[in-house]
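Overview (structure and organization)
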Amino acid sequence: MHDRVKSRSRRQIPAVNKLLDALGTYDLPRPLVVDLVRRELAKIRSNSEIPEFKSVVENVHRSLELLRACRLQSVINGTGIAIHTNFGRAPLAPEAIQALTEISSGYSNLEYDLATGDRGHRGAYIEKGLALLCGAEAATVVNNCAAALVLMVRHFTVTKPEVIISRGELVQIGGGFRIGEIIEATGAALREVGATNKTTLDDYRRAIGSRSAMILKVHRSNFFMGGFVESPSAAAIAALARKKRIPFVEDLGSGAVVPTEQLGIAEHEPTPSEALKTGADLVCFSGDKLLGGPQAGIIAGKKRFVTALKREPLFRALRCDKLCFAALQATIDVHLNQPSAEVPVIGLLHVSEDALHKRATTMRAVLSDLPLQIAIERSTARVGGGTLPKSRMASVTIEMIPGHCSLADFAARLRNAAPPVIGYISNDRFKLDLRTILPHQDDTVVDAIRAACAK
């Protein structure tokens with residue numbers, strides 16, 4: 001009897017086609033939808049109770065919405081964090097976007113020499129431009145800054161295992177990755193010197209020995225130290241490294257190629273040119289932070305070292321593809337040809353508070369008929385991306401209290417807009433910071449707010 005009941009219940013499990021018909025049309029590839037439906041039905045078969053058909057359809061709808069939300073798509077950043085790692089860091093310049101379209105839509109001379117008709121060198125033009133931009137003898141590119149660090153450590157520790165680094169620079173970067181663990185993953189040995197808050201030049205001097213391969217100085221991402229703190233200057237470390245005849249490498253991280261003071265930011269971020277003039281043999285930094293380009297790890301410095309790195313077998317595994325080169329080439333050209341403010345992320349940092357307030361006033365006027373309490377307030381924005389952690393910029397927020405739903409529901413509705421609009425909740429208000437919303441996106445934001453109020 002029990003088996004017959006169980007058999008009847010199994011017959012109540014809907015067929016795949018019946019579920020697909022009930023779901024209607026989805027803007028996802030049909031094989032993905034079918035696979036998800038089959039997975040949902042498999043879960044039902046493993047349970048003792050069979051849910052109602054309507055409940056099954058609702059569960060599949062929710063799963064499909066979650067799947068669709070995972071697709072890479074553009075979002076509007078109203079968080080006030082300009083270089084937002086979760087949002088893909090720096091937006092690209094129009095020139096870079098145009099270059100991506102041109103290069104991706106057909107063939108290119110990626111590794112073809114148009115002058116001779118022979119095989120060419122990947123990235124030759126970019127390397128010359130980067131070297132000029134960084135004030136370096138030579139430069140090259142790999143797929144991110146961590147890869148640049150791995151390549152350099154692997155190269156210099158072939159015959160000597162130790163990398164000397166201050167304990168105060170063993171930072172953890174985004175996603176839980178730690179500099180020390182990245183270095184050790186190459187097979188190198190860490191030689192930690194000094195204390196967390198205080199490292200002296202003598203600490204470095206005492207650590208240098210027959211096993212020393214290089215001295216590494218790492219940019220402190222996402223935090224700063226105050227109080228009883230001391231560390232020797234890069235110039236002093238460089239002089240010591242020169243005297244002891246070991247390479248000195250500086251991981252700058254942020255990719256600031258112009259003085260940050262020109263952006264109205266008091267905090268100074270060392271540029272590659274400054275670091276190399278100070279005495280670093282090599283520097284590395286990210287392409288998608290203050291440089292404003294695609295994800296890339298840029299290495300610049302002495303020609304003999306850059307040439308040797310490019311001969312490493314690992315270099316091929318870490319190299320960039322044609323799309324990265326296209327966007328990076330265009331970004332470098334913008335920096336060399338025009339004011340840096342033409343790079344979007346630099347433009348966002350440059351814009352005046354008055355300009356932001358005018359935009360906010362216009363948006364509030366257009367939204368005045370909605371069931372919202374709307375205020376315009378001053379706020380502080382941040383650079384983000386592990387750069388300039390002490391710096392704050394004056395900004396302007398549009399702050400809203402919806403009269404028809406909770407703040408959490410209102411935020412969720414805006415996240416579900418097309419494109420999603422991302423803000424934050426603070427002091428019992430939903431806030432959008434205009435410093436990180438591009439001016440051409442204002443109308444889209446207004447439309448998204450209207451739609452959120454209409455639901």
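You'll find the structure just up there.
The structure displayed is predicted, hence computed values, not measured ones.

What follows covers the sheet that holds strand S6 (residues 212-218). Strands sit in the order S3-S9-S8-S7-S6-S4-S5 across an open sheet of seven strands; the sheet is mixed. A single partner strand is all that each edge strand has here, and the edge strands are strand S3 (138-142) and strand S5 (189-193). Sheet twist, expressed as the average angle between the axes of neighbouring strands with direction ignored, equals 25°. Note: strand S8 (residues 282-286) against strand S9 (residues 297-301), five bridges, orientation antiparallel. What sits directly across from Cys 284, in S9, is Ile 299.

Bringing the side chain of Lys 431 into the picture now. Relative to the helices and strands, Lys 431 resides in strand S14 (residues 429-433). Classification of Lys 431 as buried rests on a relative accessible area of 9%. Apart from residues no more than four positions distant in its own chain, Lys 431 is found in contact with Gly 78, Ile 398, Glu 399, Gly 423, Tyr 424 and Ser 426.

We now examine helix H12 (residues 303-311). Along H12, the residues that are buried comprise Phe 305, Val 306, Ala 308 and Leu 309. With its buried residues spanning 160° around the axis, H12 presents them on a single face. Facing away from the buried surface of H12 by more than 90 degrees, the exposed residues are Lys 303, Arg 304 and Arg 311. On the buried face of H12, the contacting elements are S3, helix H7 (145-156), S8, S9 and helix H13 (313-317).

Put simply, helix H2 (residues 16-23) and helix H4 (residues 53-69) touch, their axes get as near as 10 Å, and they point 70° apart. Relative to H4, the element H2 is oriented roughly perpendicular. Seen along the crossing, H2 lies across H4 with a hand that is right-handed. Between H2 and H4, the residues in contact are Lys 18, Leu 19, Ala 22 and Leu 23 and Phe 53, Val 56, Val 57, Val 60, His 61 and Leu 64, respectively. By residue class, the composition of the contact of H2 with H4 is eight nonpolar, one polar and one charged.

What counts as what
- Residues numbered from 1 in each chain as written.
- Predicted model: local features only at pLDDT ≥ 70, side-chain atom pairs only at ≥ 80, totals over all residues.
- Heavy atoms only, no water.
- Pairing = 2+ DSSP bridges.
- Helix = DSSP H or I, 4+ residues; strand = E, 2+ residues; numbered from the N terminus.
- Axes fitted to C-alpha atoms, helices over the stretch in contact; angles between N-to-C directions.
- Buried < 20%, exposed > 50% of the residue type's maximum accessible area, 1.4 Å probe, protein only.
- Contact = heavy atoms within 4.5 Å.
- Arc of directions from axis to C-beta.
- Parallel < 35°, antiparallel > 145°, perpendicular 65-115°, else oblique.
- Left-handed = near helix turned anticlockwise from the far one by under 90°.
- Nonpolar A, V, L, I, M, F, W, Y, C, P; charged D, E, K, R; others polar.

The values are spatial; any link to function lies outside them.
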